[in-house]
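The primary structure of each chain is shown beneath.
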Amino acid sequence: MAGQSVIIISLFVLLLLASSSAATEVLADASIYNVLDFGAKGDGNTNDTLAFVNAWNAACHKSTTPSTLLIPAGKTFLLSYIDFEGPCNNFISVTIDGNLKRTNEIWQEVFGWLLFSQINGIKISGSGELDGQGTEWWSCKEKNQCPEDGPNSLHMLSCTDAQIWGLRSINSVMMHISVGRSKRVDIRDITIVAPDESPNTDGIHVQQSQFVSIRNSIIGTGDDCVSLSEGAEDITIRNVKCGPGHGISIGSLGKKGSRATASNIHVSNCTLTKTTNGVRIKTWQGGSGFASNISFVDITMNDVRYPIIIDQYYCPHSECDAQASAVEVRDVKYIGVTGSSTREVAIALNCSQSVPCSGIVMDSVNLWSSNEGEEVRSHCIGADGYAMNQVTPAVSCLTQRNLAT
């Protein structure tokens, strides 16, 4: 009898454990919100916007536990613009394994196709592709028949503790990924593709944001691969392959007489191939503020048109009025920058006469011509600092400092 009682109790315990495990599994599944369960078709033709909005509202605003918005693989979802707005009740993951395709429309005053706003704690990741279908909009802009400013594909606004991992973005109307007024954002393993003639299609753009990391990504587009603008602070860019595109840029800063700042920016272990520019700092005349504490370390240039540029006279138009005030550029280091330039001027430091560049350091910089038998040179005005170890081409306005100094 005693033996039978032990067996019965043991079976009861096992059933209880199994029941508990099953309940936990159901609870875990309950936190996954699959867009298909909210009516999305994923056939590439049906507009699935409403289903995505409803799934987001459930995952973000109704879930009482950390949740996942699941966009499953093997399907293509056609979407208009969506504001995935927080705050959410808990940490939220957005898993994009299926492909997302923008409805091929011209929108007025819409600045984000997929806008994630006011969220504290979010991870956007997956193996899916974001197709901005920008071709017709680019053509329309060229003919001056539609808004100059179009939607960025993935726009993150006023978010904290965010991750964007593993996605592929193609043919955005404008910027592929943009981050504004956000803190602690980690962007990694991103692939971005757009034609080299596509207008304003920056790969990753950061503005008015702090503690942003961009790494291990491949970007080929029609504008800057990475652009950092006003208010970019404590930014790390590492192991990015760029090309085609306009390179890695800080600025433009100080447009229309504005005050702008960008600081504590560190770029390392990046490769730029057949880009218009390599690493560039650009500011407008008439502005104020500063770009400071910036480093470019272990950068490789392959057939880059203008490898190193500081331009305090940035003017994309035919003419800009000369002005005395300028955004100050200071404490910029170039260490281990090597590779080939397709143009004669491989280093251009075009600094303001009234607010000169200061604290410029070049260490172990070696640039040569892509054209056999030709030499490269530097152009330097209004810059102060020093060069050490081998710097080729020599930069006349920098003091040569040897290792013993």
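Note that the structure is predicted; figures quoted are calculated from it, not measured.

Caption draft 1: How the structure looks around the state of the cysteines. One pass over the full model with this rule turns up five disulfides. One disulfide in the model links Cys60 with Cys88; its S-S distance is 2.1 Å. Judged by the torsion about the S-S bond (-105 degrees), the Cys60/Cys88 disulfide is left-handed. Here Cys88 lies in the loop between strand S5 (82–85) and strand S6 (92–96) and Cys60 lies in helix H2 (residues 49–62), a separation of 28 residues in the sequence.

Caption draft 2: Examining H2 more closely. Counted at 1.5 Å a residue, the expected span for H2 with its 14 residues is 20 Å, and the 19 Å between its end C-alpha atoms agrees. Every buried residue belonging to H2 is among Thr49, Ala51, Phe52, Ala55, Trp56, Ala58, Ala59 and Cys60, and all of these are buried.

Caption draft 3: Representation of unusual backbone geometry within the structure. That bond from Gly86 to Pro87 is cis: its omega, 0 degrees, falls within 30 degrees of zero. Assignment of secondary structure puts Pro87 in the loop between S5 and S6. Cis geometry is found at the peptide bond from Thr392 to Pro393, where omega equals 0 degrees. Relative to the helices and strands, Pro393 is located in the loop between strand S30 (383–392) and strand S31 (399–401). Phi at Glu109 is positive, roughly 55 degrees, even though this residue is not glycine. The residue Glu109 is located in the loop between strand S7 (99–102) and strand S8 (112–117) in this model.

Criteria and thresholds
- Residues numbered from 1 in each chain as written.
- Predicted model: local features only at pLDDT ≥ 70, side-chain atom pairs only at ≥ 80, totals over all residues.
- Heavy atoms only, no water.
- Disulfide = S-S within 2.5 Å.
- Helix = DSSP H or I, 4+ residues; strand = E, 2+ residues; numbered from the N terminus.
- Expected span 1.5 Å × (residues − 1).
- Buried < 20%, exposed > 50% of the residue type's maximum accessible area, 1.4 Å probe, protein only.

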